[in-house]
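Below are the chains, spelled out letter by letter.
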Amino acid sequence: MKPLKLTMSAFGPYSGTTVIDFEKMGNSGLFLICGDTGAGKTTIFDAITYALFEKTSGSTRDINSVRSDFASMDVFTEVTLEFVHKGKRYIVNRYPEQLRKSERGNKLVEQKKGASILLPDGKKIDSRNEVKSIISDIFGGIGYDQFKQIAMIAQGEFL
């Protein structure tokens, strides 16, 4: 799996929309994400694993706290990951349960968590269970724990 683009909206410390275009990093297939403490490296990993598996990358972050404390109620919390696997392009989107502004009026309504995936043939799947199954199929049965060990090492968990 090669990430192409990661879009985070009101996720972690990012109050607005932040886009990371991995395609700008070249075609080598391997890259290192590094930076100072607090720069947001782990948030990138959290967003990738959240998009794919509805879990964060480490055991120190609670899945119920992915929404940015700095985001206004106008900003919807979601993560979109565009990636290529075996030459096929996928786009997965996931959002947590959250309060959001009503489409009518100024009241707040509860939004249930959800997920979708856009498949290479253009078909869009909007069921969390189906997205989970499709992700598992794409990765040949590799789950969250194995993905973390293979694709990324979360801070403080390399032992």
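Here the structure is a predicted model, which is why all the values come from computation and not from measurement. (Residues numbered from 1 in each chain as written. Predicted model: local features only at pLDDT ≥ 70, side-chain atom pairs only at ≥ 80, totals over all residues. Heavy atoms only, no water.)

1. Topic: the confidence of the model for the protein
In this model, the protein carries an average pLDDT of 86, and 88% of its residues clear a pLDDT of 70 or more. Across the protein, the secondary-structure element scoring lowest on mean pLDDT is helix H3 (residues 144-151), at 76, and the one scoring highest is strand S8 (residues 124-125), at 98. (pLDDT = per-residue confidence, 0-100. Helix = DSSP H or I, 4+ residues; strand = E, 2+ residues; numbered from the N terminus.)

2. Here's the deal with the packing of aromatic side chains
Throughout the structure, instances matching the rule amount to eight aromatic pairs. Through successive ring pairs, a cluster of aromatic residues spans Phe53, Phe83, Tyr90, Phe139, Tyr144 and Phe147. (Phe/Tyr/Trp six-rings, centres within 6.5 Å; stacked < 30°, edge-to-face > 60°.)

3. Concerning the pattern of salt bridges
Overall, the coordinates contain seven salt bridges when judged by the stated rule. Between Arg89 and Glu82 there is a salt bridge, with its nearest N and O atoms 2.4 Å apart. On the accessibility criterion, Arg89 (40% relative accessible area) is partly exposed. Through salt bridges with shared partners, a single network forms among Glu54, Arg94, Lys113 and Arg128. (Salt bridge = Lys/Arg side-chain N within 4 Å of Asp/Glu carboxyl O. Buried < 20%, exposed > 50% of the residue type's maximum accessible area, 1.4 Å probe, protein only.)

4. Describing the environment of Gly143
In this structure, Gly143 sits in the loop between helix H2 (128-138) and H3. Measuring from C-alpha to C-alpha, the distance between Gly143 and Lys132 comes to 9.7 Å, with eleven residues separating the pair along the chain.

5. Comments concerning helix H1 (residues 41-53)
Its 13 residues give H1 an end-to-end C-alpha distance of 18 Å, which sits within 8% of 18 Å, the value for a rise of 1.5 Å per residue. Among the 13 residues that make up H1, 13 are buried, leaving the element largely enclosed by the rest of the structure. After H1 finishes, the residue Glu54 shows a positive phi value of roughly 60 degrees. (Expected span 1.5 Å × (residues − 1).)

6. Structural notes on the pairing of strand S2 (residues 14-21)
Here strand S1 (residues 2-11) runs beside S2; their pairing, made up of six bridges, is antiparallel. When the sheet's bridge partners are listed, Thr7 is paired in S2 with Val19. Hairpin connection between S1 and S2: a loop of two residues separates the two successive antiparallel strands, and Gly12 in this loop has a positive phi of roughly 60 degrees. (Pairing = 2+ DSSP bridges.)

7. Side note on the environment of Thr77
Position of Thr77 among the secondary structure elements: in the loop between H1 and strand S3 (78-85). Sequence-distant contacts of Thr77, defined by excluding residues within four places in its chain, comprise Ser9, Ala10, Arg67, Tyr95, Pro96 and Gln98. Within the structure, the side chain of Thr77 is placed 3.2 Å from the backbone oxygen of Ala10, a separation counted as a polar contact. At a separation of 2.6 Å, a polar atom in the side chain of Thr77 contacts the side chain of Arg67. (Contact = heavy atoms within 4.5 Å. Polar contact = N/O pair within 3.5 Å; in protein donor to acceptor, adjacent residues only side chain to side chain.)

8. Points about a nonpolar patch on the surface
Nonpolar side chains collect at one region of the surface, where Met73, Leu99 and Leu108 lie side by side and expose about 250 Å² of accessible area between them. Along the chain, the position of Met73 falls in the loop between H1 and S3. (Patch = residues over 30% accessible without salt bridge, like charges linked within 9 Å, V, L, I, M, F, W, Y side chains within 5 Å. Areas by Shrake-Rupley, 256 points an atom, 1.4 Å probe, with all protein chains shown as cover.)

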